[in-house]
Amino acid sequence: MKFQSTRDQSAAKFSAAQVIKQGLAADGGLFVPESIPTLTADEIKALCSADYPTRAAKILGKFLTDYTEEELLADCRAAYAPTSFVGGAAPLVALDDTIHSLELWHGPTAAFKDMALQIMPRLLSRALTKTGEERTALILVATSGDTGKAALEGYKDIDRIKIAVFYPVDGVSRVQKLQMQTQTGDNVYVCAINGNFDDAQTGVKKIFSDDQASKYLDEKGYFFSSANSINWGRLAPQIVYYVSAYCDLLNAGKLKMGEKMNVTVPTGNFGNIFAAYLAKLMGLPIDRLVCASNKNNILTDFLRTGTYDRNRDFHLTMSPSMDILISSNLERLIYFTAGTERTAKYMASLNKTGAYTVDADVKNKIDESFCGYFADEEETAKTIRRTMERCGYLADTHTAVALSAAEQYIAETGDRKPMVVASTASPYKFANDVYNSLYGETPSDPLAALDELSEKTATEIPYPLRGIGERKVRFEDVVPSANMWEAVQKYLG
Ligand SMILES: *Cc1c(COP(=O)(O)O)cnc(C)c1O
């Protein structure tokens, strides 16, 4: 299996190891597989009796053909070990006769980013060997919260990789800050910057494109790499849990082989829902893909009108991981429905004017699989309350956006196929807002909110967040955003 850029008409080809190491294509496009491997009914049947790591190795093997079966299985067993994913890697919980919550947050940071970031560093480590790279990869991350912690947990103590994470000193929650400051591992560094998330992001980009910095690193035996969500190594592992959910529905007798399920995904960068689309293209029986947005409903508008227009207000919401106006992975869907030439044209227009409109044939193709709904802040809070009252189920703010979208879709269409809703964060990760949605008040202390939520709902705090206030703080550096490179140099020694 080879990969190419979404924008490259000459269609130069790369191996999986190369694209995982490189991240972004040289022309600014994203890497996509040159063809879609198939998943047959017999293969799905065989996966029904397999555990999650085996399911994952099998699916990954269809794309990562330059990795051996043994390598993939060993990495998947290590990544999705029961000690990391307590309660299972991606358990499917029935909320009623139709809606099922696919819980993707049982990993070490209590958010769905773990599903990819626990395996991708292992794939990168092997990619270095496979591509004859002798230097150590230095991962630089700017984070507004969730990604930084998930990347730290994923890359910690992985061979031939170091990671440095920068976050805005006043731009993350108390829990998120503590999660990062107390990070363990010998190859990790965490630093706060005086500035907002954009300053951190700009600082990282500046270091990446600074020739002096690259030269300095090269002399020391390092090179820059990124853990960005557009890396194919993060996308491929996300296909697995949709296949796994289908197997679980078969095993539970809720579907017969070949019958279709629907999927709803709370969407930000369009990575998670695009993985579901890939599963569908491979042959997994999926009918509708419901794209759920919060008040930043640019994708809802795009799916309804065919026009993507980022010239609009940006809203901070209680589902911050979906507060996004440029959904980078959407480019991959455009590529699959419009081809390289028009992808390059639309993306140039997005760069220049902040907007593009797809042609009618592209819109029709997208309509065959996708539809979009959104939930504003009030509807999100109501959904958290309603889900607790109706199903006794505690949903986080992102999952609630998706549950609302799924309910809107079902009410509008009457479609009663099993609906798999991706649940992307533990409610405890956003305990304050969840508590407030349920009880109409905010606990005085953000850390106390976890205990109070646990007591009132009789549910358990997931292990990564238990006792977080008592852990040893290791990283307290705060630097001006202009001094991020100095901080990296100091870290490397
Ligand atoms: C990252 C994230 C999302 C959005 O996923 P995309 O792949 O960017 O669409 C949704 N919910 C949570 C909790 C997240 O961390």
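Located above this text is the structure these notes cover.
The rules behind each value
- Residues numbered from 1 in each chain as written.
- Predicted model: local features only at pLDDT ≥ 70, side-chain atom pairs only at ≥ 80, totals over all residues.
- Heavy atoms only, no water.
- Helix = DSSP H or I, 4+ residues; strand = E, 2+ residues; numbered from the N terminus.
- Rg over C-alpha atoms; globule rule 2.2 N^0.38 Å.
- Buried < 20%, exposed > 50% of the residue type's maximum accessible area, 1.4 Å probe, protein only.
- Contact = heavy atoms within 4.5 Å.
- Areas by Shrake-Rupley, 256 points an atom, 1.4 Å probe, with all protein chains shown as cover.
- Lys, Arg positive; Asp, Glu negative; His and termini not counted.
- Charge placed at Lys NZ, Arg CZ, Asp CG, Glu CD.
- Axes fitted to C-alpha atoms, helices over the stretch in contact; angles between N-to-C directions.
- Parallel < 35°, antiparallel > 145°, perpendicular 65-115°, else oblique.
- Nonpolar A, V, L, I, M, F, W, Y, C, P; charged D, E, K, R; others polar.
- Near = heavy atom within 4 Å.
- Polar contact = N/O pair within 3.5 Å; in protein donor to acceptor, adjacent residues only side chain to side chain.
- Core = buried A, V, L, I, M, F, W, Y, C linked by side-chain atoms within 4.5 Å.
- Patch = residues over 30% accessible without salt bridge, like charges linked within 9 Å, V, L, I, M, F, W, Y side chains within 5 Å.
- Salt bridge = Lys/Arg side-chain N within 4 Å of Asp/Glu carboxyl O.
- 1 Å grid on protein atoms, 1.4 Å probe; cavity = no way out; pocket = protein on both sides within 12 Å on 5 of 7 lines; lining within 4 Å.
- Points joined across faces, edges and corners; volume = space filled by probe spheres on them.
- Phe/Tyr/Trp six-rings, centres within 6.5 Å; stacked < 30°, edge-to-face > 60°.
- Lys NZ or Arg CZ within 6 Å of the ring centre and 35° of its normal.
- Pairing = 2+ DSSP bridges.

### A short note on the overall build of the protein
Of regular secondary structure, the protein possesses 20 helices and 15 strands. Relative to the compact-globule value of 23 Å for 493 residues, the protein shows a C-alpha radius of gyration of 21 Å, a close match. For the protein, the proportion of its 493 residues judged to be buried stands at 58%. Of the contacts formed within the protein by residues at least 6 apart in sequence, a portion of 73% connects residues at least 24 apart. Carbon and sulfur atoms form 47% of the exposed surface of the protein, whose accessible area is close to 18900 Å². Positive and negative side-chain charges of the protein, numbering 53 and 62 respectively, have mean locations separated by a distance of 3 Å.

### Section: the packing of helix H13 (residues 298–305) against helix H15 (residues 360–369)
Look at H13 against H15: their axes get within 9 Å of each other, and the N-to-C directions meet at 115 degrees. When the axes of H13 and H15 are compared, the pair comes out roughly perpendicular. Mapping the contact onto sequence places Phe 302, Leu 303, Arg 304 and Thr 305 in H13 and Lys 363, Ile 366 and Asp 367 in H15. Among the residues forming the contact of H13 with H15, the class breakdown is three nonpolar, one polar and three charged.

### Some remarks on the site of the ligand
The full set close to the ligand counts 15 residues, and Lys 113, Gly 268, Asn 269, Asn 272 and Thr 424 are the nearest of them. With respect to the ligand, the side chain of Ser 321 contributes an N or O atom lying 3.3 Å from an oxygen atom. Here the ligand, which alone exposes 380 Å², has 95% of that area covered by the protein. Classifying every residue of the shell around the ligand by side-chain character gives five nonpolar, eight polar and two charged.

### Overview of the environment of Pro 462
Assignment of secondary structure puts Pro 462 in the loop between helix H19 (446–457) and strand E15 (478–480). Among the residues examined, Pro 462 registers a relative accessible area of 13% and is labelled buried. Distance from Pro 462 to His 106, taken between C-alpha atoms, is 7.6 Å for residues 356 residues apart in sequence. Pro 462 has contacts with Ala 110, Ser 426 and Tyr 428, leaving out every residue within four places of it along the chain.

### Comments concerning the nonpolar core
Grouped together as the largest cluster of nonpolar side chains are 132 residues, with contacts concentrated most on Tyr 80, Tyr 155, Phe 166, Tyr 242, Leu 284 and Tyr 356. Ranked by the residues each element gives to this core, the list is headed by helix H11 (residues 232–251), at 13 residues. Residues contacting Phe 166, with those up to four places away along its chain left out, are Leu 140, Val 141, Ala 142, Thr 143, Cys 191, Ile 193, Ala 200, Val 204, Met 484, Ala 487 and Val 488.

### Examining a negative patch on the surface
Together, Glu 441, Asp 451, Glu 452 and Glu 455 make up a region of like negative charge exposed at the surface. Mapped onto the secondary structure, Glu 441 falls in the loop between helix H18 (431–439) and H19.

### Quick word on the pattern of salt bridges
Under the counting rule described, the total for this entry stands at 28 salt bridges. Of the charged contacts, one joins Lys 382 and Glu 378 as a salt bridge, the two residues approaching to 3.6 Å between their closest N and O atoms. In this pair, Lys 382 and Glu 378 both sit in helix H16 (residues 377–391), four residues apart, roughly one turn of the helix. On the basis of relative accessible area, Glu 378 is assigned to the exposed category, the value being 53%. Here Lys 417 ties to Asp 415 by a salt bridge, and the two come within 3.2 Å at their closest N and O atoms. Take Lys 417: its relative accessible area is 27%, and that puts it in the partly exposed class.

### Description of empty space enclosed by the protein
Summed over all chains, the structure comprises two cavities of 30 Å³ or more. Considering only enclosed or pocket space, the largest cavity measures out at about 40 Å³ in volume. Thr 267, Gly 268, Ser 293, Asn 294, Asn 296, Ile 298, Leu 299, Met 322, Ile 324 and Ser 327 together form the lining of the largest cavity. Its residues assigned to classes, the lining of the largest cavity shows four nonpolar, six polar and no charged. Roughly 30 Å³ of volume is contained in the second largest cavity. Lining the second largest cavity are Leu 95, Ile 99, Thr 387, Arg 390, Cys 391, Leu 403 and Glu 407. Elements that contribute at least two residues to the lining of the second largest cavity include exactly H16 and helix H17 (397–413). For the lining of the second largest cavity, the leading source of residues is H16, giving three residues. Looking at side-chain class alone, the lining of the second largest cavity contains four nonpolar, one polar and two charged residues.

### A short note on unusual backbone geometry
Even without a glycine there, the phi angle at Arg 160 is positive, about 65 degrees. Mapping Arg 160 onto the fold places it in the loop between helix H7 (146–155) and strand E6 (161–168).

### Considering the packing of aromatic side chains
The full count for this structure, using the stated rule, is 22 aromatic pairs. Ring centres 5.1 Å apart and planes at 80 degrees place the aromatic pair Tyr 335 and Phe 336 in the edge-to-face group. Cluster of aromatic residues (ring-pair linked, three or more members): Phe 270, Phe 274, Tyr 277, Tyr 335, Phe 336 and Phe 370. Over the aromatic face of Tyr 67 sits the side chain of Lys 130, whose NZ or CZ is 4.7 Å from the ring centroid. The ring of Tyr 491 is capped by Lys 162, whose NZ or CZ atom sits 5.4 Å from the centre of that ring.

### Details of the sheet that holds strand E13 (residues 370–374)
Reading across from one edge, E3-E4-E14-E9-E10-E13 is the order of the six strands in this open sheet, with mixed pairing throughout. Each having just a single partner strand, strand E3 (92–94) and E13 make up the two edges of the open sheet. Strand-to-strand, the axes of this sheet are offset by a mean angle of 25 degrees, without reference to chain direction. Direction of pairing for strand E4 (residues 99–103) relative to strand E14 (residues 419–423): parallel, over a ladder of five bridges. Each residue of the ladder has a partner; that of Glu 103, found in E14, is Ser 423. Contacts from helix H12 (residues 271–282) reach strand E9 (261–266), strand E10 (286–293), E13 and E14 within the one sheet, and its direction differs from that of E10 by about 175 degrees. Packed on one face of the sheet, H17 meets E4, E9, E10, E13 and E14 and runs near 160 degrees to E14.

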